2 protein chains.
Amino acid sequence: MPQVRPMRADARRNYERLLKVAAEAFAEHGEGASLDDIAKRAGVGSGTLYRHFPTRQALLEAAYVERIEAIAARADELAGHLPPGEALVEWLNELGVGMIQVRGLKALLGSTVTDGSSAAATLCADTMRSAVTRLVEAAQREGTLRPDVEPIEVLRLAHGVATASELADGEGKAIRRYLALLTEGLRPGT
Amino acid sequence: MPQVRPMRADARRNYERLLKVAAEAFAEHGEGASLDDIAKRAGVGSGTLYRHFPTRQALLEAAYVERIEAIAARADELAGHLPPGEALVEWLNELGVGMIQVRGLKALLGSTVTDGSSAAATLCADTMRSAVTRLVEAAQREGTLRPDVEPIEVLRLAHGVATASELADGEGKAIRRYLALLTEGLRPGT
DNA sequence: ACCTGAACACCGTTCAAGT
DNA sequence: ACCTGAACACCGTTCAAGT
C-alpha cells in the first residue's frame, strides 16, 4: 500500500523551495529563525509552510537530514580507519564541532536524545542512535570503553561536552579538551 | 562618594514588587517569561520595568541573587563536613539538581561562565567563581582532582552534566550518574 | 488538493506625555 | 525623577476564500 501519493507539482516545488530556504535561514539565524520569513523568502504563504511542516521541529529536521546522514556515514568511515576507541572519540569530536559550528544542529540533536517517551522515533534520532551504537559496542568489545554505558548516554554526554565548550569560546576549540576530560576522568592520572 | 542615591519611595516600592513578581514568573515559566506580564502583575508600566532592569538578564540575575548566594554558602558548609574531593562532587550534584529543578537558573548560570570577554564581571559570576575556586583548589591540594583543571572549567562541565541529565529525564535523576562518569572517566576501571 | 494572505493573539522595546 | 501606556515592529498560528 503506497501511502505516499505523489505530490502535486506545485506542492512538490513549494516543499523543496521551503527546505532550501529553511536550511539557509537556520544556518544564518539559528534554530529560532523566523518561520514567516522563511515562507516569504520561499515565495509561499505562511499557511503552506504549516501544511508541509506542522512544527518548527519538523522543518528543522527535514532541513538537516542530509547533514545528519553525513555524520552517521562518517562514523563508519572512522571505524574503518581507526581502532574502535579512537574512532569513537574522533567521531564525538567531529560531532561536537558540528553542533557548535552548524547553527541549529545542536538543538535538533538534543531533541533526538530526550527521554522521548512521547516523541515518536524520528528518522534523525534513529540514524544517530544506530551510528553511535556501532561505535560504542565496538569500543566496549575492544575494552577501551566502560561496559556499563549505553549508546544514547554517550550522545547525551556529547551534547553536554558541546554545551560546556560553547560556554568556553563559542567556537569549537575546547571540544577536544573537554572530551579528553570526560574520557580520562577528573581524577588525577596515576 | 556614595554613588547610589537612595531611591524615591515609589521607585523603591516598584523595584521590589518587580523582583518578587519576576521570581515567581521565572519559576513558573522559565527564563523566557513574558516581561510585559511581569510588569502588569507588578501593577507597573512596562517602561518602569525597563528603567530598573534594562535587560532580561539583569532582571533574571536580580531575581536570583539570594539563591546564588545560598549555593555559594553551601560550598563552604560542605567543605566543613566532607573531605575536599567529596565536598566538590556533592556540591556539583546539588548545583546540577538546582539547575534542572529551578527554572531559569541554568540559563542564568550559563551566562556567568561564558567567555565573558565583553560581559562585565557580574555579582553572580563572582560569587559562583569564588565558591567553586575554594572547592577546586582544596581538592587539588588533597590530590583527588587533576591539577590542570581550572575552577571555571569545572563550572562549565557541571553545566554540561546538567544538560546531559536534562536530556535524560527532565528531572535531576541522572545527575549523580553523569557526574560519576565525568569524575571517573569513560575508560573501564582497572 | 493545495495555496494565499488577512486576522488574531501574542511578544519586546521605545518614548511622548504626564505627575 | 520617575511612571504610564500607547505605538511600533515584530512574532507564530489559524482559517475562510480562492484556484
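Since the structure is predicted, the reported quantities are computational estimates derived from the model, not experimental observations.

In this assembly, 30 residues from chain B lie in contact with 30 residues from chain A. Buried area between chain B and chain A, summed over both chains or domains, comes out near 3,100 Å², and the portion from carbon and sulfur atoms is 62%. Taken together, the links from chain B to chain A amount to six salt bridges. Between Arg146(A) and Glu184(B) there is a salt bridge whose closest N-O contact spans 3.1 Å. Joining chain B to chain A, the criterion identifies 18 residue pairs in polar contact (both at pLDDT 80 or more). Elements represented by at least two residues in the side of chain B that touches chain A include exactly helix 8 (151–169) and helix 9 (175–184) of chain B. Among the elements that take part in the side of chain B that touches chain A, helix 8 of chain B stands out by supplying 10 residues, more than any other.

Taken together, 21 residues form the shell around DNA strand C, and within it Arg8(A), Asn14(A), Gly45(A), Thr48(A) and Tyr50(B) come nearest. Considering the 4 Å shell around the protein, atoms of DNA strand C inside it are sugar or phosphate in 67% of instances. Take Tyr50(B): an N or O atom from its side chain is 2.5 Å from a phosphate oxygen of DNA strand C. Ranked by the residues each element gives to the surface near DNA strand C, the list is headed by helix 3 (residues 46–52) of chain A, at five residues. Among the residues forming the surface near DNA strand C, the class breakdown is five nonpolar, 10 polar and six charged.

Before going further, it helps to spend a moment on the UniProt feature "domain: HTH tetR-type" (unreviewed entry) in chain A. Listed under "domain: HTH tetR-type" (unreviewed entry) in the UniProt record, and renumbered for this structure, are residues 12–71 of chain A. Overall, residues 12–71 of chain A shows 80% helix and 0% strand. The separation of its end C-alpha atoms is 27 Å.

All names here are of chain A. Between helix 5 (residues 84–101) and helix 9 (residues 175–184), the shortest axis-to-axis distance is 10 Å and the interhelical angle comes to 135°. Considered as vectors, helix 5 and helix 9 are oriented oblique to each other. The handedness of the crossing between helix 5 and helix 9 is right-handed. Every residue of helix 9 that contacts helix 5 at Val89, Glu90, Leu92, Asn93, Gly96, Val97 and Ile100 is listed here: Ile175, Arg176, Leu179 and Thr183. When its residues are assigned to classes, the contact of helix 5 with helix 9 shows six nonpolar, three polar and two charged.

What surrounds DNA strand D is a group of 21 residues, the closest being Leu35(A), Tyr50(A), Asn14(B), Gly45(B) and Thr48(B). For DNA strand D, the backbone makes up 68% of the atoms found within 4 Å of the protein, where backbone means sugar plus phosphate. Contact between DNA strand D and Arg8(B): a base nitrogen at 3.0 Å from a side-chain N or O atom of the residue. At 3.2 Å from a base oxygen of DNA strand D is found a main-chain nitrogen or oxygen belonging to Gly47(B).

A few words on the nonpolar core. One finds Ile38(A), Trp91(A), Leu95(A), Ile38(B), Trp91(B) and Leu95(B) to be the most contacted residues of the largest nonpolar core, which totals 124 residues. Residues within four places of Trp91(B) in sequence aside, it is in contact with Ile71(B), Arg74(B), Ala75(B), Leu78(B), Met128(B), Ala131(B), Val132(B), Leu135(B) and Leu155(B).

Let us look at the pattern of salt bridges. Going through the model one piece at a time under the given rule, you end up with 28 salt bridges over all chains. A salt bridge links Glu166(A) to Lys106(A); the shortest N-O distance between them is 2.9 Å. Note that Glu166(A) is positioned in helix 8 (residues 151–169) and Lys106(A) in helix 6 (residues 105–112), a separation of 60 residues in sequence. With a relative accessible area of 32%, Glu166(A) lands in the partly exposed category. According to the relative accessible area criterion, Lys106(A) is buried, its value standing at 18%. In this structure, a network of salt bridges that share partners links the residues Arg146(A), Asp148(A), Glu153(A), Arg177(B) and Glu184(B).

What counts, and where the lines are drawn
- Per chain, the residues get numbers from 1 upward, laid out in the order the sequence is written.
- Chains carry letters from A onward and ligands carry numbers from 1 onward, assigned in written order.
- It should be noted that, the model being predicted, local features are given only for residues of pLDDT at least 70 and side-chain atom pairs only at 80 or more, the latter also being counted only at that level, while totals for whole chains, interfaces and linings use all residues.
- Note that water and hydrogens are dropped before the side-chain values are worked out from all heavy atoms of the structure.
- The contact criterion used throughout is that any non-hydrogen atoms of two residues lie within 4.5 Å.
- Accessible area that two parts lose when put together, with a 1.4 Å probe and added across both, is what the buried area reports.
- A carboxyl oxygen of Asp or Glu within 4 Å of a side-chain nitrogen of Lys or Arg is what we treat as a salt bridge.
- The term polar contact refers here to a pair of N or O atoms within 3.5 Å; inside protein, the definition further demands a hydrogen-donor-capable atom paired with an acceptor-capable atom, and it admits residues adjacent in sequence only when both atoms are side-chain atoms.
- The secondary structure listing takes helices from DSSP runs of H or I that are at least 4 residues long and strands from runs of E that are at least 2 residues long, numbered from the N terminus.
- Nearness is judged by heavy atoms alone; a residue qualifies as near a molecule or strand once a single heavy atom is within 4 Å of it.
- The classification used treats Ala, Val, Leu, Ile, Met, Phe, Trp, Tyr, Cys and Pro as nonpolar, Asp, Glu, Lys and Arg as charged, and all other residues, Gly among them, as polar.
- UniProt positions are given in the numbering used here, feature names are shortened, and annotations may be inferred rather than shown by experiment.
- Helix axes are fitted to C-alpha atoms over the stretch in contact, other axes to C-alpha atoms as well, and angles between N-to-C directions run from 0 to 180 degrees.
- Angles are sorted into four bins: roughly parallel if under 35 degrees, roughly antiparallel if over 145, roughly perpendicular if 65 to 115, and oblique for all others.
- A crossing counts as left-handed when the near helix is turned anticlockwise from the far one by less than a right angle, and as right-handed when that turn is clockwise.
- Nonpolar core, defined: a set of buried Ala, Val, Leu, Ile, Met, Phe, Trp, Tyr and Cys residues in which side-chain atoms within 4.5 Å join the residues together.
- Exposure is judged per residue with a 1.4 Å probe applied to protein chains only, and the accessible area is read against the type maximum: over 50% gives exposed, under 20% gives buried, and values in between give partly exposed.

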